[in-house]
Structures are given as structure tokens and as C-alpha cells.
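Coordinates in review
Residue strings, one per chain:
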Amino acid sequence: PLQCYQWLKEKIISEEGRKQQVKLKDLSPIAERLGCTLPQLAVAWCLRNEGVSSVLLGSSNPEQLIENLGAIQAIFFYPQVLPKMTSHIVNEIDNILGNKPYSKKDYRS
């Protein structure tokens, strides 16, 4: 059964995988400052973009589903994370990720 996950192992130990792990490590202190988990931070980061009307969440096991539902609960039912996504925080995240989404306003410049 573990052979079917060989592609995932190869992806994680690849150069790109190591770069992604560094980004996650760099994002962890931001999540801690905001009092949320990395998945909750990811959902809030997606939702703060004006071009995003919904975020699709997926899971491969019950624990991941519970975490994703916890992210939704934290953001929608107990709005703790999204209001904390100040422009300073968003810029910090965008600088770490290096994949800032562009809005319609950006194209007019």
C-alpha cells in the first residue's frame, strides 16, 4: 500500500519540495501570531483576495477533513483570522510565497 505514495515521497524530497517546506516553516510564526493553524491561515489568505468568491477544500483522510472544517469554523463562525489579515500580514505572506495574486486593480497600473 505504501508504494502508491512513492510519488509523494519523491515530491517532498525534491528540490521544489524542500523549498515548499522552508516556506511552511517561514509561515508558521505568522500563523502563531494570528492564533491559527497553517490550514486556517491558508484559507484566510485565499479568501482575502477580492477575486475569490469561494475556496474549495479537499481532504484525503478524516483528520484532514476535521482540520479543514476547523479552518472554516474559525473563519466564518468565530471570525478570528480573516480580520487579522492586514495589508502588512498579507505582504509578509506574499513575500514568503512569491506568488502574489493579481487583482483587476493591478492590471490597470
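In this report, we go over the structure that sits alongside the text. Computed from a predicted model, the values in this text were never measured in an experiment.

Relative to each other, helix H2 (residues 15-34) and helix H5 (residues 87-97) sit at 165 degrees, their axes nearing to 9 Å. It follows from the interaxial angle that H2 and H5 lie roughly antiparallel. Between H2 and H5 the crossing geometry is left-handed. Contacts from Lys-23, Asp-26, Leu-27, Ile-30, Arg-33 and Leu-34 of H2 reach H5 at Ile-89, Glu-92, Ile-93, Ile-96 and Leu-97. When the residues that make up the contact of H2 with H5 are grouped by side-chain class, the tally is seven nonpolar, no polar and four charged.

Take the pattern of salt bridges next. Inspection of the entire model under this criterion finds three salt bridges. Among the salt bridges present, the one from Glu-15 reaches Arg-18, with a minimum N-O distance of 3.8 Å. With Glu-15 and Arg-18 both in helix H2 and three residues apart, the pair spans about one turn of that helix. Judged by its relative accessible area of 46%, Arg-18 falls in the partly exposed class. Between Arg-33 and Glu-92 there is a salt bridge, and its shortest N-O distance comes to 2.5 Å. One end of the pair, Arg-33, is in helix H2; the other, Glu-92, is in helix H5, with 59 residues separating them in the sequence. Judged by its relative accessible area of 23%, Glu-92 is partly exposed.

Parameters and conventions
Residues numbered from 1 in each chain as written. Predicted model: local features only at pLDDT ≥ 70, side-chain atom pairs only at ≥ 80, totals over all residues. Heavy atoms only, no water. Axes fitted to C-alpha atoms, helices over the stretch in contact; angles between N-to-C directions. Helix = DSSP H or I, 4+ residues; strand = E, 2+ residues; numbered from the N terminus. Parallel < 35°, antiparallel > 145°, perpendicular 65-115°, else oblique. Left-handed = near helix turned anticlockwise from the far one by under 90°. Contact = heavy atoms within 4.5 Å. Nonpolar A, V, L, I, M, F, W, Y, C, P; charged D, E, K, R; others polar. Salt bridge = Lys/Arg side-chain N within 4 Å of Asp/Glu carboxyl O. Buried < 20%, exposed > 50% of the residue type's maximum accessible area, 1.4 Å probe, protein only.

In short, shape yes, function no, at least from these values alone.
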